[in-house]
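Breakdown of the fold
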Amino acid sequence: MSLKEQVALVTGGSRGIGRAISLRLARDGARIAIGDIREEEGKGTVAEVEALGVEALFVPLDVTQQESATAAVRQIVARWGRLDILVNNAGITRDKLLLRMTPQDWDAVLNVNLKGTYLCSQAVLQPMLKRRRGRIVSIASVVGIAGNAGQTNYSASKAGIIGFTKSLAREVASRSITVNAVAPGFINTEMVQTLSQEIQKQVLERIPLARFGTPEDVAGVVAFLCSEEASYITGHVINVDGGLIM
Ligand code: NDP
């Protein structure tokens with residue numbers, strides 16, 4: 001229960017990796033606010049967190065909208081009086097080769113993945129600066145490091161998160177706020193399950209640990225970065241990819 005008393009906001013926390021992160025931080029004792037555009041699934045995850053004996057709250061959140069981010073943070077601070085942890089997890093893909101990519105595909109991905117990370121991080125800074133403690137962990141991707149054909153918009157957004165993480169880490173380090181990123185490889189969620197059997201086989205052959213990751217693999221590293229044990233780590237990117245990128 002290393003995160004006891006603490007309050008965490010997990011964006012896109014209703015399902016997939018965000019749900020696993022919410023449940024893991026709850027098991028470590030943190031009170032959980034799930035911020036998502038998916039209200040029904042979000043409330044389902046809130047119920048799962050509460051079943052662990054931990055307080056939880058669903059906050060309607062569109063990470064692309066500044067007013068939505070500030071309203072969500074206001075609601076959390078009104079409920080619990082503090083906000084210690086932000087996990088920037090909300091993310092989308094609109095995969096296409098660049099020749100066919102529209103400005104709408106580009107903007108949609110950059111807005112959710114990168115602008116959303118900026119807006120939510122900015123919104124949580126006030127309560128964190130006040131307490132002179134905080135943890136911001138953003139979910140990037142190995143694609144932001146190594147690139148991937150068909151994902152110029154997505155990899156640009158994830159590379160952007162890495163640059164953002166390092167710059168913000170420098171800005172807020174003197175206030176004991178750490179800012180890190182986790183870069184998952186192929187994680188067994190809908191994203192991987194929609195790949196054909198043939199592609200899945202080809203991908204597996206490139207992963208030294210010879211399996212897809214689980215949402216819990218990612219959640220464990222996020223929990224570590226949020227813990228006291230990680231208080232001397234900032235501005236870092238940790239790959240959770242079975243050795244895919246070395
Ligand atoms: P999911 O699509 O399962 O979950 C993301 C959640 O974020 C969904 O509930 C989604 O709603 C929500 N969301 C989308 N747009 C917004 C928004 N504007 N404001 C608030 N919430 C929003 O994704 P995953 O669990 O697969 O991925 C989570 C993160 O991990 C993402 O950042 C992704 O890029 C990253 N990642 C995933 C990998 C994988 O293999 N799955 C690999 C590497 C990185 P809706 O479903 O309606 O869009």
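Note: the structure precedes this text.
Since the structure is predicted, the reported quantities are computational estimates derived from the model, not experimental observations. (Residues numbered from 1 in each chain as written. Predicted model: local features only at pLDDT ≥ 70, side-chain atom pairs only at ≥ 80, totals over all residues. Heavy atoms only, no water.)

Remarks on the packing of aromatic side chains
Inclusion rule: Any two of the Phe, Tyr and Trp rings considered here, Trp counted by its six-membered ring, make a pair once their centres fall within 6.5 Å; the pair's planes then place it as stacked at under 30 degrees, edge-to-face at over 60, or tilted in between. Secondary structure follows DSSP: runs of H or I at least 4 residues long count as helices, runs of E at least 2 residues long count as strands, and numbering of each begins at the N terminus. Working definition: with a 1.4 Å probe on protein chains only, accessible area under 20% of the residue-type maximum means buried, over 50% means exposed, and in between means partly exposed.
This model, assessed by the stated rule, comprises one aromatic pair. Taking the centre distance of 6.4 Å and the plane angle of 55° together, the rings of Phe186 and Phe212 count as tilted. Separated by 26 residues along the polypeptide, Phe186 in the loop between strand E6 (177–184) and helix H7 (190–193) and Phe212 in the loop between helix H8 (197–205) and helix H9 (215–226) bring together distant segments of the chain. Looking at Phe186, the relative accessible area reads 24%, which means it is partly exposed.

Regarding the nonpolar core
Convention followed: For this analysis, a nonpolar core means a set of buried residues of the types Ala, Val, Leu, Ile, Met, Phe, Trp, Tyr and Cys, connected via side-chain atoms within 4.5 Å. Residues are treated as being in contact if the distance between any of their heavy atoms lies within 4.5 Å.
With 32 residues, the main nonpolar core has Ile21, Leu25, Ile32, Val87, Val182, Val218 and Val222 as its most contacted residues. Broken down by secondary-structure element, the contributors of at least two residues to this core are strand E1 (7–11), helix H1 (16–27), strand E2 (31–36), helix H2 (39–50), strand E3 (56–60), strand E4 (85–88), strand E5 (134–139) and H9. Here this core takes seven residues from H9, the largest share from any one element. Contacts of Ile32, omitting those with residues within four sequence positions, involve Ala8, Ser22, Leu25, Ala26, Val49, Glu55, Ala56, Leu57 and Trp80. Grouped together as the second largest cluster of nonpolar side chains are 27 residues, Val7, Val112, Leu168 and Val179 included.

Details of the packing of H1 against H2
Rules: Here the axes come from fitting lines to C-alpha atoms, over the contacting stretch only for helices, and the angles between their N-to-C directions go from 0 to 180 degrees. Roughly parallel means an angle under 35 degrees; roughly antiparallel means over 145; roughly perpendicular covers 65 to 115; every other angle is labelled oblique. Each helix crossing is assigned a hand: it is left-handed if the near helix lies turned anticlockwise from the far helix by less than a right angle, otherwise right-handed if that turn is clockwise. Throughout this entry, Asp, Glu, Lys and Arg are counted as charged residues, while Ala, Val, Leu, Ile, Met, Phe, Trp, Tyr, Cys and Pro are counted as nonpolar. The remaining residues, Gly among them, count as polar.
Between H1 and H2, whose axes approach to 9 Å, the crossing angle comes to 25°. Considered as vectors, H1 and H2 are oriented roughly parallel to each other. Read as a crossing pair, H1 and H2 show a hand that is right-handed. Between H1 and H2, the contacting residues are Arg19, Ser22, Leu23 and Ala26 on the first element and Thr45, Glu48 and Val49 on the second. Class assignment for the residues of the contact of H1 with H2 results in three nonpolar, two polar and two charged.

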